[in-house]
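Overview (structure and organization)
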Amino acid sequence: MTPGGAGRAGRQAHAGGTTADTLGTQPKAPATPTVPAQPRRPSGQERQRPVPRHVACVMDGNGRWAQQRSLPRTSGHRAAETTVIDVIEAARSAGVEWLSLYAFSTENWRRPGEEIDFLMRLVRRVVRKHAPLLHARGIRCRFLGAGDPRVPAPLAQDFADLMTLTEANRGMTLTVAFDHGGRQDIVSAARSLIRAGVPAESVDQACFAAHLPVPDTPDVDLVIRTSGEQRISNFMLWQVAYAEWIFPPVLWPDFRAPHFLECLHDYRSRDRRFGGVTPQANGEFPK
């Protein structure tokens, strides 16, 4: 599973571009950046705020991670396996109900053919390797996208097999956005409405959302984009409309459970007003 982003070069001088980060076998890794071993314990009002129901990750930085070590980009993709499993376990343990990982975007098809072929082989190996673990953890697995005919048939079959294997699980739902584009999802929903003959005056937000791919997916509460890049990159555009965003500077292969938990803590300290205002202590609203 590889984080793709929009396939554009990063804005930082040292960046090698957004990456189609992938679950893979991690090579000898450098020391993880210093972070607290455990998240700070929320107190007072914070303690009462729940963890986000739906967290999405734009897994960015594999290419730069490899570049900083004078390694080929493929080494960065391989290095991401430990991160992905660590984040999945951290999210499940923290009580996150839905976790979405941006693995490969519709724009990532513009990358060199050799890199794409490598990613497809790597993702297939990793999906097959970790399917028993995900199932044992009670995680339901889904794939958002994967409709392009360029996705190898054996990989598409592995995706289908993993969804079938885990469909009855009632733990956390893991959605892997693979060959995904937010704009394409919106176009698909519009086409579905037209095919269904829904009158224009009957189309509201709830109706439209019901025609999106995987329509029972709840809105995203928190988006984490690693590596410091600050772009949406065509990711779940409908679902992230009111999400909180956090941009840790850590490259994805170095991102670990303590980083993820710090992001959850940051989220829980924020006021989510959804366009409204926060009541004053006496129950009145500011004028």
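The rules we used
Residues numbered from 1 in each chain as written. Predicted model: local features only at pLDDT ≥ 70, side-chain atom pairs only at ≥ 80, totals over all residues. Heavy atoms only, no water. Helix = DSSP H or I, 4+ residues; strand = E, 2+ residues; numbered from the N terminus. Buried < 20%, exposed > 50% of the residue type's maximum accessible area, 1.4 Å probe, protein only. Contact = heavy atoms within 4.5 Å. Areas by Shrake-Rupley, 256 points an atom, 1.4 Å probe, with all protein chains shown as cover. Phe/Tyr/Trp six-rings, centres within 6.5 Å; stacked < 30°, edge-to-face > 60°. Axes fitted to C-alpha atoms, helices over the stretch in contact; angles between N-to-C directions. Parallel < 35°, antiparallel > 145°, perpendicular 65-115°, else oblique. Left-handed = near helix turned anticlockwise from the far one by under 90°. Nonpolar A, V, L, I, M, F, W, Y, C, P; charged D, E, K, R; others polar. Core = buried A, V, L, I, M, F, W, Y, C linked by side-chain atoms within 4.5 Å. Pairing = 2+ DSSP bridges. Salt bridge = Lys/Arg side-chain N within 4 Å of Asp/Glu carboxyl O.

1. Thoughts on the overall build of the protein chain
Looking only at helices and strands, the protein chain features eight helices and six strands. The N-to-C order of helical and strand elements in the protein chain reads β-α-α-α-β-α-β-α-β-α-α-β-β-α. Counting every position in the protein chain, which comprises 287 residues, the buried fraction comes to 51%. Sequence separation of at least 24 residues holds for 78% of the intrachain contacts in the protein chain that already meet a minimum separation of 6. Carbon together with sulfur atoms contributes 53% to the accessible area of the protein chain, which is approximately 13,700 Å² in total.

2. As for the packing of aromatic side chains
Taken as a whole and judged by the stated rule, the model has eight aromatic pairs. Their ring planes at 80 degrees and their centres at 5.0 Å tell us that Phe 104 and Trp 109 sit as a pair that is edge-to-face. One exposure class covers both Phe 104 and Trp 109, and it is buried. Ring geometry for Phe 159 versus Phe 178: centroids 5.2 Å apart, planes at 70 degrees, classification edge-to-face. Of this pair, Phe 159 sits in helix α5 (residues 153-166) while Phe 178 sits in strand β4 (residues 173-180); the two residues are 19 residues apart in sequence, bridging distant segments of the chain. Take Phe 159 and Phe 178: they sit in the same class, and that class is buried. Ring pairing ties together the aromatic residues Phe 104, Trp 109, Phe 143, Phe 159 and Phe 178, which thus form one cluster.

3. Notes on the packing of helix α3 (residues 80-94) against helix α8 (residues 257-268)
Where α3 meets α8, the closest approach of the two axes is 9 Å, and the angle between their N-to-C directions is 40 degrees. In terms of orientation, α3 lies oblique with respect to α8. Where α3 crosses over α8, the handedness of that crossing is right-handed. Between α3 and α8, the contacting residues are Asp 86, Val 87, Ala 90, Ala 91 and Ala 94 on the first element and Ala 257, Phe 260, Leu 261 and Leu 264 on the second. Looking at the contact of α3 with α8, its residues break down into eight nonpolar, no polar and one charged.

4. Focus on the nonpolar core
Among the nonpolar cores identified, the biggest contains 47 residues, and Val 55, Cys 57, Leu 99, Leu 174, Phe 178 and Phe 260 are the most heavily contacted of them. Here this core takes 10 residues from helix α4 (residues 113-136), the largest share from any one element. Those residues in contact with Phe 178, other than ones at most four positions away along the chain, are Ala 103, Phe 104, Met 120, Val 123, Leu 144, Gly 145, Ala 146, Val 151, Leu 155 and Phe 159. In this structure, Ala 177, Val 220, Val 240 and Trp 245 belong to the second largest nonpolar core, which totals 12 residues.

5. Observations concerning the pairing of strand β5 (residues 222-225)
Of the two faces of β5, both are covered, the one formed by Leu 222 and Ile 224 as well as the one formed by Val 223 and Arg 225. With four bridges joining them, strand β1 (residues 54-58) and β5 adopt parallel strand pairing. Looking at the pairing, Val 55 lines up with Leu 222 of β5. Bridge analysis of β5 against strand β6 (residues 244-246) gives three bridges, and the strand direction is parallel. Paired with Val 223 across the bridge in β6 is Trp 245.

6. What to know about the packing of α3 against α4
Orientation of α3 relative to α4, taken along the N-to-C sense of each, is 25 degrees, at an axis distance of 13 Å. Looking at the two axes, α3 sits roughly parallel to α4. Here α3 runs over α4; the crossing is right-handed. Residues Glu 81, Ile 85, Ile 88 and Glu 89 of α3 pack against Arg 125, Lys 129, His 130, Leu 133 and Leu 134 of α4. Tallied by class, the residues present in the contact of α3 with α4 amount to four nonpolar, one polar and four charged.

7. Some remarks on the pattern of salt bridges
Summed over the entire model, instances satisfying the criterion amount to 18 salt bridges. Among the ionic pairs, Arg 111 bridges to Glu 115, the shortest N-O distance being 3.3 Å. In this structure Glu 115 comes out as buried when scored by relative accessible area, which is 10%. What you see here is one network of salt bridges that share partners, running through Asp 60, Arg 64, Arg 225, Glu 229 and Arg 231.

The values reported here are purely geometric and, on their own, carry no functional implication.
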